Amino acid sequence: MAKVDRRIVRTQEAIKKAFLELMSEKNFDSMTIQDISDRANINRATVYLHYLDKFDLLDKIIEEHINNMVNLCESEAEMDWIKSTVHCMEYLERNYLFFSTMLASEGAPYFRSRFVQHNIEEFKKDVDITEGKNFGQSEDVVVEFVANAYVGVVEWWLNNGMPYPPEEMAEKVGDLLERIL
């Protein structure tokens, strides 16, 4: 695997951080590459070396976090709900600026739908409609319900300044997930 130049990584991180800070302050449509480069304290041309435009930057940030969550879920496949949910909540906490901005921003409704879709795919692995509490239910209805409820609770948690620590939130959410799934 090729070694990535640390200067490139630092520059991309500065761009992403500046972008997210601006997203939390102003509307995506009114944001410019110049705004991003000014906030990141780099030349505008440097942003264009890494991203085509602000839409490409938004897409890449979203895909990076979705991929991280997919990898996280794969690594937790054998854990119980509570333990795996703790890891998810800790990831959300570590990336608070991204998730709180994306879920609260008018400029990124695409993220919410990607986040819900990611959760649908993950919960589908755990839904059993052949027996137990979900016997006879529609798998589509169950996973849509659970995924949207999960995203809604995450939104509430982030928008309210994470009133519970990740471990406590994970216990609460994990308990609810066990009741449903």
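A brief structural summary. (Residues numbered from 1 in each chain as written. Predicted model: local features only at pLDDT ≥ 70, side-chain atom pairs only at ≥ 80, totals over all residues. Heavy atoms only, no water.)

What follows covers the pattern of salt bridges. Inspection of the entire model under this criterion finds 13 salt bridges. In this structure, Glu-168 and Lys-172 form a salt bridge, with 3.8 Å as the shortest nitrogen-oxygen distance. Placement of both Glu-168 and Lys-172 in helix α9 (residues 166-180) is noted, with a separation of four residues, approximately one turn of the helix. On the basis of relative accessible area, Glu-168 is assigned to the partly exposed category, the value being 31%. Of the charged contacts, one joins Arg-179 and Asp-175 as a salt bridge, the two residues approaching to 2.9 Å between their closest N and O atoms. On the criterion of helical spacing, the pair formed by Arg-179 and Asp-175 is a turn pair, its members being four residues apart in helix α9. Under the relative-accessibility criterion, Arg-179 is labelled exposed at 56%. (Salt bridge = Lys/Arg side-chain N within 4 Å of Asp/Glu carboxyl O. Helix = DSSP H or I, 4+ residues; strand = E, 2+ residues; numbered from the N terminus. Buried < 20%, exposed > 50% of the residue type's maximum accessible area, 1.4 Å probe, protein only.)

Now for helix α7 (residues 109-124). Between its terminal C-alpha atoms α7 stretches 23 Å, which fits the 22 Å expected from 16 residues at 1.5 Å a residue. For α7, the elements touching its buried residues are α4 (54-75), α5 (81-94), α6 (96-104), α8 (139-159) and α9. (Expected span 1.5 Å × (residues − 1). Contact = heavy atoms within 4.5 Å.)

Residues Phe-19 and Phe-115 are the most contacted members of the largest nonpolar core, which totals 50 residues. A total of nine residues in this core trace back to one element, the largest contributor, which is α8. With near-sequence residues (within four places) excluded, Phe-115 lies in contact with Ile-66, Met-69, Leu-92, Phe-99, Leu-103, Tyr-150, Val-151 and Val-154. (Core = buried A, V, L, I, M, F, W, Y, C linked by side-chain atoms within 4.5 Å.)

Right, let's talk about helix α1 (residues 6-25) for a bit. With 20 residues, α1 ought to run about 28 Å at 1.5 Å a step, and its terminal C-alpha atoms sit 29 Å apart, in line with that. When α1 is considered as a whole, its buried residues turn out to be Ile-15, Lys-16, Ala-18, Phe-19, Leu-20, Leu-22 and Met-23. The elements touched by buried residues of α1 are α2 (33-40), α3 (44-50), α4 and α6.

Following the sequence through the fold, Glu-171 ends up in helix α9. Given a relative accessible area of 48%, Glu-171 falls into the partly exposed group. Separated by 89 residues in sequence, Glu-171 and Ile-82 place their C-alpha atoms 5.5 Å apart.

This part is about the layout of surface pockets. By volume, the largest pocket is sized at about 440 Å³. Considering the residues around the largest pocket, the lining is formed by 23 residues, among which Cys-73, Trp-81, Ser-84, Glu-122 and Asp-126 are closest to the centre. Secondary structure elements with two or more residues in the lining of the largest pocket: α4, α5 and α7. With six residues, the top contributor of residues to the lining of the largest pocket is α5. Its residues assigned to classes, the lining of the largest pocket comprises 13 nonpolar, four polar and six charged. Roughly 200 Å³ of internal volume is contained in the second largest pocket. Only α1, α4 and α6 provide two or more residues apiece to the lining of the second largest pocket. Per element, the largest residue contribution to the lining of the second largest pocket is four residues, and it comes from α1. Grouping the constituent residues of the lining of the second largest pocket by class yields four nonpolar, two polar and five charged. (1 Å grid on protein atoms, 1.4 Å probe; cavity = no way out; pocket = protein on both sides within 12 Å on 5 of 7 lines; lining within 4 Å. Points joined across faces, edges and corners; volume = space filled by probe spheres on them. Nonpolar A, V, L, I, M, F, W, Y, C, P; charged D, E, K, R; others polar.)

What follows covers the packing of aromatic side chains. Taken as a whole, this structure holds 10 aromatic pairs when the rule is applied. Relative to Phe-99, the ring of Tyr-91 has its centre 5.8 Å away and its plane inclined at 75°; by these criteria the two rings are edge-to-face. Comparing Tyr-91 with Phe-99 shows no difference in burial state: the two are buried. Ring centres of Phe-99 and Phe-115 lie 5.8 Å apart, and the angle between their planes is 45°; this geometry places the pair in the tilted category. Taken together, the residues Phe-99 in helix α6 and Phe-115 in helix α7 connect sequence positions 16 residues apart. (Phe/Tyr/Trp six-rings, centres within 6.5 Å; stacked < 30°, edge-to-face > 60°.)

Worth remembering: the numbers are spatial, not functional.
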